[in-house]
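Chain by chain, the residues run as shown.
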Amino acid sequence: MLERPDSRMARRATDGRLILGLVAAALVGLNLRPAITSVAALLDTIAEHQHLTTVEVVLLSSLPIASFGVTAPLVPVVMRRLGVETTLFAAMVVLSLSLWLRASVDVLLLPATFTGGVAIMFGSVLIPPFLRSIAASPFWIGVTTTMFGIGAATGAWIAIPVYELAGNELTPALGMWSISALVAALGMLVVVVRERGRRTSLPLPGAPPVTDASRPWRLNVSVVATFALMAMVYATVIAWLPVMLQSQGVDAADAGALLAWFNVAGFLPTMLLGTIAKRPRLLLGSAIAGGVLLAAAMAGFTLGQPSLAWLLVTVIGVAETGIFGISMYLLVRNERPGSSVLSATSQGVGYVLGASVSALAGALQSWSGDWNFSLWLLCAISLALAVCAGRAVRYSR
């Protein structure tokens, strides 16, 4: 039977909307981590160049994650007024401007870091409802999640080389990401123009419509707890991994490379998310195994063996990024169409607790003189993550 012309046109329009949305989502995802990891790689250099006090250094490293939790409740309010596409476009514009001001105006280093963190939070919260609105499959959710890791790894990996190539100038190393964020803003602008007047969401393939009645409270709690525990580990690793490795005898350059590798190592599990999500038992096993592997790697670091660094960081990268991908899938699958409440709650609670645990880990190290107490704390959090992630997957089924 020949396909009717109007049916072909409708299908092409739907395909075009999906492709355009996926490209825009990938560009946004690429820009949600470099602003943080590039500063982490250059933290000592920035402190020296701008004569920062100890308090200012702590603020610089913790402001982005702290701003996540502070602004999370605002995201659903703004989204309801502007729509998910327009809000994402505005977030990328604010991020681009903030990164440019942070790099070029010394006195705006901390304020622009905060506004950049706000923009990143808006982008992170709105990616799940945006992916749901364009009916992204689990495979493409995995691709978008992978872009988070690519951006984080690139930010950590090239920050120091760019700084050195620029004649030891900070502006290019910090400001180059404002251009990348501007490209993401342009991508979202195209989506906004195309979607003007369209505010309906397509159903996620293979998932029933989610309502308050069909989504029990225990699922909500499990999803929020999974993301929160995952964020505690992620925030602590991002903030302290290079410092911890150097305290165990790893060279500073290698420690920076390992921070980048931590983000790269998780590419495979996120790219396989589409296949894993189609098999409930495999998804459940992956969620539980991720937490157990994280706990094992944290325990391994207490041995203080530099020769194990690459292996342990690889395990952490695979496990942490894999659970992040599963968390994003759960947010996309279980978020109500046209809403961002579950995503905002999960990420708001998660990143506030993440910043708190990161600060606690640093305090424990200062008090004890080594990282063992902090590592055992992360080990316990990882085991709790295995339990909560498993329950979230079971309830979501």
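Residues numbered from 1 in each chain as written. Predicted model: local features only at pLDDT ≥ 70, side-chain atom pairs only at ≥ 80, totals over all residues. Heavy atoms only, no water.

This brings us to the overall build of the protein. Secondary structure summary: the protein contains 17 helices and zero strands in total. The proportion of buried residues among the 397 residues of the protein is 54%. The long-range fraction of contacts in the protein, counting pairs at least 24 apart against all pairs at least 6 apart in sequence, stands at 84%. With an accessible surface of roughly 16,900 Å², the protein has 68% of that area assigned to carbon and sulfur atoms. (Helix = DSSP H or I, 4+ residues; strand = E, 2+ residues; numbered from the N terminus. Buried < 20%, exposed > 50% of the residue type's maximum accessible area, 1.4 Å probe, protein only. Contact = heavy atoms within 4.5 Å. Areas by Shrake-Rupley, 256 points an atom, 1.4 Å probe, with all protein chains shown as cover.)

Turning our attention to the packing of helix α10 (residues 217–247) against helix α17 (residues 372–396). Interaxial distance between α10 and α17 falls to 8 Å at its minimum, and their mutual angle equals 150°. Viewed along their axes, α10 and α17 adopt a mutual orientation that is roughly antiparallel. Viewed along their axes, α10 and α17 form a crossing whose handedness is left-handed. Across the interface between the two elements, Arg218, Leu219, Ser222, Val223, Ala225, Thr226, Leu229, Met230, Met232, Val233, Thr236 and Met244 from α10 touch Leu375, Leu378, Ile381, Ser382, Ala384, Leu385, Cys388, Ala389, Arg391, Ala392, Tyr395 and Ser396 from α17. Taken together, the residues that form the contact of α10 with α17 break down as 17 nonpolar, five polar and two charged. (Axes fitted to C-alpha atoms, helices over the stretch in contact; angles between N-to-C directions. Parallel < 35°, antiparallel > 145°, perpendicular 65-115°, else oblique. Left-handed = near helix turned anticlockwise from the far one by under 90°. Nonpolar A, V, L, I, M, F, W, Y, C, P; charged D, E, K, R; others polar.)

Moving on, we get to the packing of helix α8 (residues 138–165) against helix α9 (residues 170–195). Relative to each other, α8 and α9 sit at 150°, their axes nearing to 8 Å. Judged on the interaxial angle alone, α9 and α8 are roughly antiparallel. In the crossing of α8 with α9, the sense of the turn from one axis to the other is right-handed. Contacts from Thr154, Gly155, Ile158, Ala159, Val162 and Tyr163 in α8 reach Leu170, Pro172, Ala173, Met176 and Trp177 in α9. Of the residues contributing to the contact of α8 with α9, the split by class is nine nonpolar, two polar and no charged.

The next thing to look at is the side chain of Ser346. Inspection of the secondary structure puts Ser346 in helix α16 (residues 341–368). According to the relative accessible area criterion, Ser346 is buried, its value standing at 0%. Each residue touching Ser346, except ones within four places of it in the same chain, is listed here: Val223, Val224, Phe227 and Leu331.

Another point: the nonpolar core. By size, the foremost hydrophobic cluster in this structure holds 102 residues, and its most contacted members are Leu241, Leu245 and Phe301. Discounting chain neighbours no more than four positions away, the residues touching Leu245 are Val250, Ala255, Leu258, Phe301 and Ala309. (Core = buried A, V, L, I, M, F, W, Y, C linked by side-chain atoms within 4.5 Å.)

Turning our attention to the environment of Leu283. Residue position: Leu283 is located in helix α14 (residues 280–301). Judged by its relative accessible area of 5%, Leu283 is buried. On a C-alpha basis, the gap between Leu283 and Ala389 in space is 9.9 Å, while along the polypeptide they are 106 residues apart. When near neighbours in sequence (up to four residues on either side) are disregarded, Leu283 contacts Ile276, Ala277, Ile326, Tyr329 and Val393.

Let us look at the environment of Thr171. Checked against the element boundaries, Thr171 lands in helix α9. For Thr171, a relative accessible area of 38% translates into the label partly exposed. Between the C-alpha atoms of Thr171 and Arg102, which are 69 residues apart in sequence, the distance is 8.5 Å. In contact with Thr171, other than residues within four places in its own chain, are Ala103 and Met176.

Time to look at helix α11 (residues 252–264). Given 3.6 residues to a turn, an α-helix orients residues that are three or four positions apart in the same direction. Spanning 13 residues, α11 covers 19 Å between terminal C-alpha atoms, matching the ideal 18 Å at 1.5 Å per step. Listed in full, the buried residues belonging to α11 are Ala255, Leu258, Leu259, Ala260, Phe262, Asn263 and Val264. Packing partners of the buried residues in α11 comprise α2 (34–41), α8, α10, α12 (267–271) and α15 (309–334). (Expected span 1.5 Å × (residues − 1).)

Take the confidence of the model for the protein next. On average, residues of the protein score 83 in pLDDT, and 90% of them reach the 70 mark or higher. At the low end of the mean pLDDT range in the protein sits helix α1 (residues 5–30), at 70; at the high end sits helix α6 (residues 84–104), at 94. Every residue in residues 5–10 is under pLDDT 50, and counting partners more than four places away or in other chains gives one contact. Low pLDDT, under 50, characterises residues 199–214; the stretch is placed with 35 contacts to residues that sit more than four places away or in other chains. (pLDDT = per-residue confidence, 0-100.)

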